[in-house]
2 protein chains.
Amino acid sequence: MKKDIIFNVIKNSPNSLTAEEIYNDVSQDIDVNLSTVYRTLNNLVEKDLVTKVVRQDKIAYYELANNEHKHYLICDNCNNAYSTDMCDLDKIARKIKKETGFNITSHTLEFHGICPECLKNVK
Amino acid sequence: MKKDIIFNVIKNSPNSLTAEEIYNDVSQDIDVNLSTVYRTLNNLVEKDLVTKVVRQDKIAYYELANNEHKHYLICDNCNNAYSTDMCDLDKIARKIKKETGFNITSHTLEFHGICPECLKNVK
DNA sequence: AAAAATACGCAAATCATTTGCGAGTACACT
DNA sequence: AGTGTACTCGCAAATGATTTGCGTATTTTT
C-alpha cells in the first residue's frame, strides 16, 4: 500500500515536510498521484500518526506525530527551518487552563528571524 | 481615502479580523472592492501599522501592529478566538538567540482546545 | 491645468489543497 | 471460482483565499 511508503518518508525525515516534498520523494520509488499523497496525509493526521502544522507561508508541514515536542525557527531570509526542543509552553498552557477554563489540547509556535548563516552574509 | 477607513476598522476592533470581515464591515459605509481591501491590508502590513498572522485554518488575520503582544486560544469546536496576554516567550526567545545565534524578530503562538462554553455543552 | 503618481474596480490568474467519479484491487463470505 | 463490499488511486475539475494585470479614476506634484 502506498500509505506505508508515504508514512515511511515522514518517519525517516528529521524535519517536517510539505506534501509536495513528500510527493517528490515518494515519486522516485513508486508511481503516485499528488492527490493520493494529500488523501493519505489527511488519513494519517486523522489517525494521529502524523501532525500537520500550517505555517505563516500558508503551506502545511507534516511530521511524525510526536512525543518530542518541537518548534521551529524559520529564517525569513533563506526560509530554512531549524527545530528547537525548547518549550516551556506546557507550563504556560497549564496556567492558562487554570485561569481561563480553556481546555488546551495543542499549540503551535513559530519563531521568525534571521539564522546565523544569513546573518553572516548580510553583514 | 479608503485606506483610512479600512485602517480604522482594524483600530477599533478588539480582536484580529480576516480580510473578509474587514470587507464586510467597510462595505456598510462605502463602496469598496475586496481586492482593494487586500491591497490596502498588504500596504498597512508593509508599513508596520498592521500585523498579519496566518492561523492553522490558513486564513490571514489582521490586527493593529502592537506593542501589546497577544496570543490566541482558538476553540476547535466553536472556532472562536480568545486572546490572552500571557506570554513568557520573550524570555524563551532571548534564550534561543543566545544559544543558537538565531536572530529572532517575531513569533506566533496559537493554542488550540475547547473553550469553557463548549466544554459545558459537550458534557 | 498638465504631468506624474496613486488608488481602485473588475475579471482573470494563482496556488495549495480538495473532491467527484470512475476504474482497479483486496478481502470476506458462500 | 463467484459475488459483494470496501478500499485505494488516478485524473480532471472544483475550491477558496489571495494576487495580479490592466484600464480608468482620482489625487498629488510641479
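In case you missed it, the structure is sitting above this.
The shown structure was predicted, so the numbers you read here are calculated from the model rather than taken from an experiment.

Caption draft 1: Structural view of the interface of chain B and chain A. In this complex, chain B contributes 40 residues to the contact, which on the side of chain A involves 40 residues. Buried area between chain B and chain A, summed over both chains or domains, comes out near 3,200 Å², and the portion from carbon and sulfur atoms is 67%. Connecting chain B to chain A are zero salt bridges. Seen at the junction of chain B and chain A, the total is 11 residue pairs in polar contact (both at pLDDT 80 or more). Within the residue set of the side of chain B that touches chain A, elements represented by two or more residues are strand 2 (50–54), strand 4 (71–75), strand 5 (81–84), helix 4 (89–100), strand 6 (103–114) and helix 5 (116–122) of chain B.

Caption draft 2: A look at the packing of aromatic side chains. Applying the stated criterion across every chain, the model contains two aromatic pairs over all chains. Aromatic side chains A:Tyr82 and B:Phe102 sit 5.8 Å apart centroid to centroid with 70° between the ring planes, which places their arrangement in the edge-to-face category. Residue A:Tyr82 is located in strand 5 (residues 81–84), and its partner B:Phe102 is located in the loop between helix 4 and strand 6; the two belong to separate chains. Overall, the relative accessible area of 31% leaves A:Tyr82 in the partly exposed class. The cationic tip of A:Arg55 hangs over the ring face of A:Tyr61; the distance from NZ or CZ to the ring centre is 3.6 Å.

Thresholds, definitions, all that
Residue numbers here run from 1 along each chain, matching the order of that chain's written sequence. Working convention: letters from A go to chains and numbers from 1 go to ligands, in the order in which they are written. Where totals are concerned, whole chains, interfaces and linings use all residues; where local detail is concerned, this predicted model gives features only for residues with pLDDT of at least 70, and gives and counts side-chain atom pairs only at 80 or more. Values reported for side chains reflect all heavy atoms of the structure, with hydrogen atoms and water molecules removed beforehand. By definition in these notes, contact holds between two residues if any of their heavy atoms fall within 4.5 Å. A quick way to say it: buried area is the sum, across both parts, of accessible area lost when two parts are put together, with a 1.4 Å probe. Any carboxyl oxygen of Asp or Glu that lies within 4 Å of a side-chain nitrogen of Lys or Arg is treated as forming a salt bridge with it. Pairing of N or O atoms within 3.5 Å defines a polar contact, subject to two protein rules: one partner must be a possible hydrogen donor and the other a possible acceptor, and residues neighboring in sequence count only if both atoms are side-chain atoms. Going along the chain from the N terminus, every DSSP run of H or I of four or more residues is numbered as a helix, and every run of E of two or more is numbered as a strand. When the centres of two rings from Phe, Tyr and Trp lie within 6.5 Å, Trp using its six-membered ring, the rings pair. Their planes under 30 degrees apart give stacked, over 60 give edge-to-face, and anything left gives tilted. Using a 1.4 Å probe on the protein chains alone, a residue whose accessible area is under 20% of its type maximum counts as buried, one over 50% counts as exposed, and one in between counts as partly exposed. Lysine and arginine charges are scored as sitting over a ring when NZ or CZ, respectively, is within 6 Å of the ring centre and within 35 degrees of the ring normal.

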